[in-house]
Amino acid sequence: MTRKLAIRLSLLSSIIYIALTILYFTSIISKINHSDSPSAGAGLGMLLAFLIPHLIAVIFNIVISLIKFTKNYLIIINIILYIIAGALGIYIGFFFIISIIFQIIFLIIAYNK
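Residues numbered from 1 in each chain as written. Predicted model: local features only at pLDDT ≥ 70, side-chain atom pairs only at ≥ 80, totals over all residues. Heavy atoms only, no water.

Draft legend 1. The arrangement of the overall build of the chain in detail. Within the chain, the regular secondary structure consists of four helices and zero strands. Order of helices (α) and strands (β) in the chain, N terminus to C terminus: α-α-α-α. Residues counted as buried form 35% of the 113 residues belonging to the chain. Expressed as a percentage of contacts within the chain between residues at least 6 apart in sequence, the contacts between residues at least 24 apart total 72%. (Helix = DSSP H or I, 4+ residues; strand = E, 2+ residues; numbered from the N terminus. Buried < 20%, exposed > 50% of the residue type's maximum accessible area, 1.4 Å probe, protein only. Contact = heavy atoms within 4.5 Å.)

Below, the structure is given as structure tokens:
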């Protein structure tokens with residue numbers, strides 16, 4: 001596997017993550033809108049706060065993939081961002097962790113090439 005292919009696979013994993021996140025937030029917002037409970041939206045801000053490091057890592061991954069900044073230090077920074085996002089993502093859901101694991105694996109392969 002070449003470095004370019006590993007970075008592209010990491011980008012594909014990021015795109016899948018974005019699609020799953022949009023579906024997840026759509027379902028949460030739909031539940032909030034159709035609930036009569038006053039505490040229906042509680043925790044949505046915390047969920048967004050946990051997702052900020054992952055969204056930064058995804059944007060950074062897109063920049064690395066599309067602009068072809070494939071320097072080793074940029075890949076290491078992106079891996080660190082994904083590790084931080086993974087530590088916070090444990091509280092959110094299982095598919096966040098799977099997405100992060102695949103992205104880290106692909107970035108480690110890209111770093112080693």
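The discussion continues.
Draft legend 2. Broad picture of the confidence of the model for the chain. With 84% of its residues at a pLDDT of 70 or more, the chain has an overall mean of 76. Within the chain, helix H3 (residues 72-89) carries the highest mean pLDDT (80), whereas helix H2 (residues 44-67) carries the lowest (76). (pLDDT = per-residue confidence, 0-100.)

Draft legend 3. Geometry of a nonpolar patch on the surface. There is a patch of nonpolar side chains on the surface, built from Leu12, Ile16, Leu20 and Leu23 and spanning about 370 Å² of accessible area. Relative to the helices and strands, Leu20 resides in helix H1 (residues 3-33). On the accessibility criterion, Leu20 (33% relative accessible area) is partly exposed. (Patch = residues over 30% accessible without salt bridge, like charges linked within 9 Å, V, L, I, M, F, W, Y side chains within 5 Å. Areas by Shrake-Rupley, 256 points an atom, 1.4 Å probe, with all protein chains shown as cover. Salt bridge = Lys/Arg side-chain N within 4 Å of Asp/Glu carboxyl O.)

Draft legend 4. Up close: the side chain of Asn78. Structurally, Asn78 can be placed in helix H3. Ignoring any residue separated from it by four or fewer positions in sequence, one finds Asn78 in contact with Ala57, Phe60, Asn61, Ile64 and Leu107.

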